[in-house]
Amino acid sequence: PKEYNNSAICVFNFIKNKLNNKSVEFIFVPGNHDLCNNEFKDYQEFIKRYNHKINFITDNVSLYETAYVNYLLINTSFHKEISYGNVDLVQLKKHLRGISKPIIVVMHHTLMSRYAEDRSGISNAYEFLKQLEGKRVIGIVHGHTHGYSDILVGTKFFHLVSKIK
């Protein structure tokens, strides 16, 4: 909606002004609320104001390279169903090939929820984590939960053991 767009523009312009017009690159990933009329066209128009390198019209997964780290930007709403997240595993696999720098994954939906009634996590999280295993992932940043909580899974990154008796 136009009023949302105007508010977001005010926020990002405020941030840029507070940084005294230093060279700043904003990176974005869409979420379920960025889907308008079953498309990301309006969202893409908005982010073009601040970053011309990212295109979620053509890409569900985007590699954003910097000098020291690669950001893997994932549109977890690409499937256009707002009640849960999903990762395009085909595009993910393509982007993971040949990455040598450390990786920070940025996405909207969480891998899993800590609340039983919350079904909004990534529906294919297991396969997603399998593809990330062995890569130089140093962090996963996500939104959607509208709060903060630490979720500990084992003692090591991606270390999950199930024991069946």
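Above this note sits the structure.
Below you will find a few notes about this structure. The written sequence of each chain sets the order in which its residues are numbered from 1. Restriction of local features to residues with pLDDT of at least 70 applies here, the model being predicted, together with a cutoff of 80 or more for giving and counting side-chain atom pairs; totals for whole chains, interfaces and linings are based on all residues. Here the side-chain values reflect all heavy atoms present in the structure, with hydrogen atoms and water set aside.

Let's talk about the overall build of the chain
Stated precisely, the cut-off is as follows: What counts as a helix is a DSSP run of H or I of at least four residues, what counts as a strand is a run of E of at least two, and both are numbered from the N terminus. Residue contacts follow a heavy-atom distance rule, with two residues in contact if any of their heavy atoms lie within 4.5 Å. Under the convention used here, a 1.4 Å probe and the Shrake-Rupley method define accessible areas, while residue burial counts only the protein chains that appear.
When its secondary structure is counted, the chain shows four helices and four strands. Walking the chain from its N terminus toward its C terminus, one meets helices and strands in the order α-α-β-β-α-β-α-β. Within the chain, contacts between residues at least 6 apart in sequence are counted, and of these 67% link residues at least 24 apart. For the chain, the exposed surface amounts to about 11000 Å²; the carbon and sulfur share of it is 53%.

Quick look at the packing of helix α3 (residues 89–96) against helix α4 (residues 125–132)
As a reminder, the rule being used: Here, axes are lines fitted to C-alpha atoms. For helices the fit covers the stretch in contact, and angles between N-to-C directions go from 0 to 180 degrees. Between 65 and 115 degrees an angle is taken as roughly perpendicular, under 35 as roughly parallel, over 145 as roughly antiparallel, and anywhere else as oblique.
The geometry of α3 relative to α4 is characterised by a closest axis approach of 10 Å and an angle of 10° between their N-to-C directions. Classified by the interaxial angle, the pair formed by α3 and α4 is roughly parallel. Contacts between α3 and α4 involve L89, L92, K93 and L96 on the former and, on the latter, E127, F128, Q131 and L132.

Comments concerning the sheet that holds strand β2 (residues 70–74)
So the rule is basically this: Paired strands, in this sense, are two strands between which DSSP finds at least two bridges.
Spatially, four strands are ordered β1-β2-β3-β4 in an open sheet, and the strand pairing comes out mixed. One side of each edge strand has no neighbouring strand; the edge strands of this open sheet are β1 (61–65) and β4 (137–142). Geometrically, the sheet is characterised by an average inter-axis angle of 20° between neighbouring strands, direction not taken into account. Across the sheet, α4 is in contact with β2, β3 (103–107) and β4; its angle to β3 comes to roughly 160°.

Let's talk about the nonpolar core
The condition that has to hold: Nonpolar cores were defined as sets of buried Ala, Val, Leu, Ile, Met, Phe, Trp, Tyr and Cys residues, with membership established by side-chain atoms within 4.5 Å. Think of it in three bands: with a 1.4 Å probe and only protein chains considered, a residue is buried below 20% of the maximum accessible area for its type, exposed above 50%, and partly exposed in between.
With 19 residues, the main nonpolar core has F28, F46, I47, Y50, F56 and L73 as its most contacted residues. Contributions of two or more residues to this core are made by α1 (2–18), α2 (41–47) and β3. Other than its neighbours up to four places away in sequence, F56 contacts F28, V29, P30, Y43, Q44, I47, L73, I74 and N75. Residues V61, I74, V87 and L96 belong to the second largest nonpolar core, which totals 15 residues.

Observations regarding the pattern of salt bridges
Condition: By definition here, a salt bridge exists when the distance from a side-chain nitrogen of Lys or Arg to a carboxyl oxygen of Asp or Glu is within 4 Å.
For the coordinates displayed, the defined rule picks out three salt bridges. Close ionic contact of E25 with K53 constitutes a salt bridge, the shortest N to O distance being 3.1 Å. Taken as a pair, E25 in the loop between α1 and α2 and K53 in the loop between α2 and β1 lie far apart in primary sequence, 28 residues in all. Each member of the pair, E25 as well as K53, carries the same accessibility label: exposed.

A few points about the packing of aromatic side chains
Defined as follows: Note on aromatic pairs: the rings of Phe, Tyr and Trp (six-membered ring only in Trp) are paired at centre separations within 6.5 Å, and the planes decide the class, stacked below 30 degrees, edge-to-face beyond 60, tilted for the rest.
Here the structure, examined in full by the defined rule, presents nine aromatic pairs. Judged by centre distance (4.9 Å) and plane angle (90°), the rings of F12 and F26 are edge-to-face. Of this pair, F12 sits in helix α1 while F26 sits in the loop between α1 and α2; the two residues are 14 residues apart in sequence, bridging distant segments of the chain. Just as F12 is buried, F26 falls in that class too. Following the ring pairs from residue to residue traces out a cluster consisting of F12, F26, F28, F46 and Y50.

Describing α3
The condition is simple: The arc in question is traced by the directions running from the helix axis to the C-beta atoms. Here a polar contact is recorded for every N or O atom pair within 3.5 Å, except that within protein the pair must consist of a potential hydrogen donor and a potential acceptor, and residues adjacent in sequence are included only if both atoms are side-chain atoms.
Along α3, the residues that are buried comprise Q91, L92, H95 and L96. With its buried residues spanning 135° around the axis, α3 presents them on a single face. Exposed positions of α3 whose direction lies more than 90 degrees from the buried face are V90 and K93. Packed against the buried residues of α3 are β1, β2, β3 and α4. At the N-terminal end of α3, a side-chain oxygen is found 3.2 Å from the backbone nitrogen of V90, two or three residues along, and the residue is D88.

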